[in-house]
Amino acid sequence: MKTYPGNVVLSDSAEFYMLAFSSKGEKKPFLSIVFFFIYMAGMLWNLTIIIVVYLDIHLHTPMYVFLCNLSLIDICSTTVSLPKLIDILLTGKNTILFEDCFIQMYFYTFFVITEFILLSFMAYDRYVAICSPLHYQIIINKEKCVLILSGTWISACVNSFFLTGFASSLDFCHTSNIFHFFCEIKAVVNIACADLSFTITFLVESFLFGLFPFAIILASYTKIISTIMHTKSIVSRKKAFSTCSSHLTVIIIFYVTVLCAYLKPPSRQSDELDQMFSVLYAAVTPMLNPLIYTLRNRTVKTALLKIIDREDK
C-alpha cells in the first residue's frame, strides 16, 4: 500500500481519473478522431513553419526566429496534452498515475508560460520595427534575440517547476476525479483541500507571467497604432498593419480563450465550460497559429512557394 498527498491510497500506486467530456469516462471514438486530426494538422502546419524559416535565409531575422519558437511551443504543448486525451476517448481507460499527472502538468505549464512571455517579446519586436525602424538592428540584434529566448525558456522552466512542485504537495481529500481532459493546474487544484498559500502564490504567478506580459503587449500595440495613425502615407499604413496583424490576431485568440477559462465566474456548468475553453487554447489555437501567419504573411507564403518549386525541379 502506498500513501500519497491527499490521503489517496491504492493497492499499488495513486491514480487520478480523467473525466474528459464525460461524467462517467465512457468511450467516445468520434471525438478521438476529431482530436487526432486537430493534433496532426497542428503538427504538420507548425513543422512547415519551422522548416520554411530554417531553409529560407531571408527569414533568418528575429521576427521569424520568434515565430519558429512559437511553432515549437505549439507542437510541444499539444503533444503533452492531446495524445493522452485521444487514448482516453478511444479506449475509455481514463486513469493516470499521480506522478504522470504532475509530469504532464509541469510540461504543459512550462510551454504555456513560455508562450505568454514570447508573445510579449514578439509584440515588443513589432513595436521597435514600426516605431523605431532605424534603430531596429541595434535594439533587436542576434545576440539580444538569443538572450531573450534563453531567458524566456529558462524562466518558464524554473517557474513551472516551482508551481508544479507546490501543487503536488497539496492534499487531495475531496475526490480523485479530475474534471478535465488533461492535468491542467486549475482542474487539479480544484479537487485539493483548501490551501490559501497556494491560491495567493498562483495569483502572484498569474500577475507576473500572465498580466504583466499582457501589459507589455497592450503598451506596445497602443504605441504601434498611434504611430500608424500619424503616418501620412496610406501605403505605409497598410504595410505596417499587415506586419503586425497576424501577431495581433494570435494574441487576441490566445488571451481571450485563456481569460475566459481562468477568470469566468463559477457556475453549475463550470467544468464543462472550462473544458470547452481549454480545447480552444490548448488544441484549436496551436493548430490555427501557423495558418494565421502563412495566410496573412506574404513573405512566408513566398518562401513556402519557392521551397515547393525547388522540390518539384
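These figures come from a predicted structure and were not determined experimentally.

Caption draft 1: Layout of the overall build of the chain. Counting its secondary structure elements, the chain contains 10 helices and 5 strands. At a minimum sequence separation of 6, the contacts of the chain that also span at least 24 residues come to 76%. With the model as given, the accessible surface of the chain reaches about 16200 Å², and the carbon-plus-sulfur share is 69%.

Caption draft 2: Structural context of the state of the cysteines. Taken as a whole, this structure holds 1 disulfide when the rule is applied. In this model Cys101 forms its disulfide with Cys183; the gap between the sulfur atoms is 2.0 Å. Looking down the S-S bond of the Cys101 and Cys183 bridge, the torsion is -120°, so its handedness is left-handed. With a gap of 82 residues between them, Cys101 in helix α3 (residues 98–131) and Cys183 in the loop between β5 (177–178) and α6 (185–190) connect regions that are remote in the sequence. Judged by relative accessible area, Cys183 falls into the buried class, the value being 1%.

Caption draft 3: The packing of aromatic side chains, seen in detail. Under the definition given, this model contains 22 aromatic pairs. Here Phe107 and Phe111 contribute two aromatic rings whose centre-to-centre distance is 6.5 Å and whose plane-to-plane angle is 25°, an arrangement assigned as stacked. With a gap of 4 residues between them, Phe107 and Phe111 both fall in helix α3, about one helical turn apart.

Caption draft 4: Highlighting the side chain of Ser71. Assignment of secondary structure puts Ser71 in helix α2 (residues 62–91). Excluding anything up to four places from it in sequence, Ser71 contacts Asn46, Ile49 and Ile50.

Caption draft 5: Examining the pattern of salt bridges more closely. Scanning the model with the defined rule gives 1 salt bridge in all. The salt bridge involving Arg126 is made with Asp125; its shortest N-O contact spans 2.7 Å. There is no split in this pair, since Arg126 and Asp125 are both buried.

Caption draft 6: Local environment of the side chain of His180. As for its placement among the helices and strands, His180 is situated in the loop between β5 and α6. Engagement of the side chain of His180 in a polar contact is seen with the side chain of Ser278, the distance being 3.0 Å. Look past the residues within four positions of His180 in its chain and what remains in contact with it is Met18, Leu19, Ala20, Ala187, Asp274, Gln275 and Ser278.

Caption draft 7: Up close: the sheet that holds β5. Ordered by their spatial adjacency, 3 strands build an open sheet running β4-β3-β5, and the pairing between neighbours is mixed. The outermost strands of the open sheet, each flanked by one partner alone, are β4 (95–97) and β5. Two elements, strand β3 (residues 15–18) and β4, share 3 bridges in a ladder whose sense is antiparallel. Looking at β4, one finds that Tyr17 is bridged to Thr95. Running over the sheet, α3 touches β3, β4 and β5 and is turned about 85° from β4.

Caption draft 8: The pairing of β3, seen in detail. With burial as the criterion, only one face of β3 is covered, namely that bearing Phe16 and Met18; the residues Glu15 and Tyr17 on the opposite face remain uncovered. The pairing of β3 with β5 spans 2 bridges and is parallel. Note that in β5 the partner of Tyr17 across the bridge is Asn177.

Caption draft 9: Quick look at the environment of Thr294. Along the chain, Thr294 turns up in helix α9 (residues 270–296). Taking the C-alpha atoms as reference points, Thr294 and Leu304, 10 residues apart in sequence, are found 8.8 Å from one another. When residues no more than four places from it in sequence are discounted, the contact partners of Thr294 are Ile49, Val300 and Lys301.

Caption draft 10: Just the environment of Met276, in detail. Tracing the backbone shows Met276 in helix α9. As a C-alpha pair, Met276 and Ala261 span 15 residues in sequence and 8.4 Å in three-dimensional space.

Caption draft 11: Fine view of the nonpolar core. Ranked by internal contacts, the top residues of the largest apolar core, which has 87 residues, are Phe16, Phe35, Phe172 and Ile178. Ranked by residue count, the leading element in this core is α3, at 16 residues.

Parameters at a glance
- Numbers given for residues are sequential positions, taken from 1 along each chain in its written order.
- Per-residue local features are limited, in this predicted model, to residues with pLDDT of at least 70; the limit for side-chain atom pairs, both in listing and counting, is 80 or more; totals at the level of whole chains, interfaces and linings are taken over all residues.
- Only heavy atoms go into the side-chain values, all of them from the structure, while hydrogens and water stay out.
- We count a stretch as a helix when DSSP gives it H or I for four or more residues in a row; a strand needs E for two or more, and each element gets its number in order from the N terminus.
- Contact definition: two residues touch when any of their heavy atoms are within 4.5 Å.
- The Shrake-Rupley method, run with a 1.4 Å probe sphere, supplies the accessible areas, and residue values consider only the shown protein chains as cover.
- What counts as a disulfide here is a pair of cysteine sulfur atoms lying within 2.5 Å.
- Exposure categories follow from relative accessible area, calculated using a 1.4 Å probe and restricted to protein chains: below 20% of the type maximum is buried, above 50% is exposed, and the middle band is partly exposed.
- Centres within 6.5 Å are what make two rings of Phe, Tyr or Trp a pair, Trp counting through its six-membered ring; a difference in plane orientation under 30 degrees is then read as stacked, over 60 as edge-to-face, and the rest as tilted.
- Any carboxyl oxygen of Asp or Glu within 4 Å of a side-chain nitrogen of Lys or Arg constitutes a salt bridge here.
- Within 3.5 Å is the distance limit for a polar contact, defined as a pair of N or O atoms, with the added protein rule that one can donate a hydrogen and the other accept it, and that residues adjacent in sequence qualify only through two side-chain atoms.
- For two strands to pair, DSSP has to find at least two bridges joining them.
- Orientation is described by axes fitted as lines to C-alpha atoms, over the contacting stretch for helices, and by angles from 0 to 180 degrees between their N-to-C directions.
- The set of buried Ala, Val, Leu, Ile, Met, Phe, Trp, Tyr and Cys residues whose side-chain atoms join them within 4.5 Å is what this entry labels a nonpolar core.

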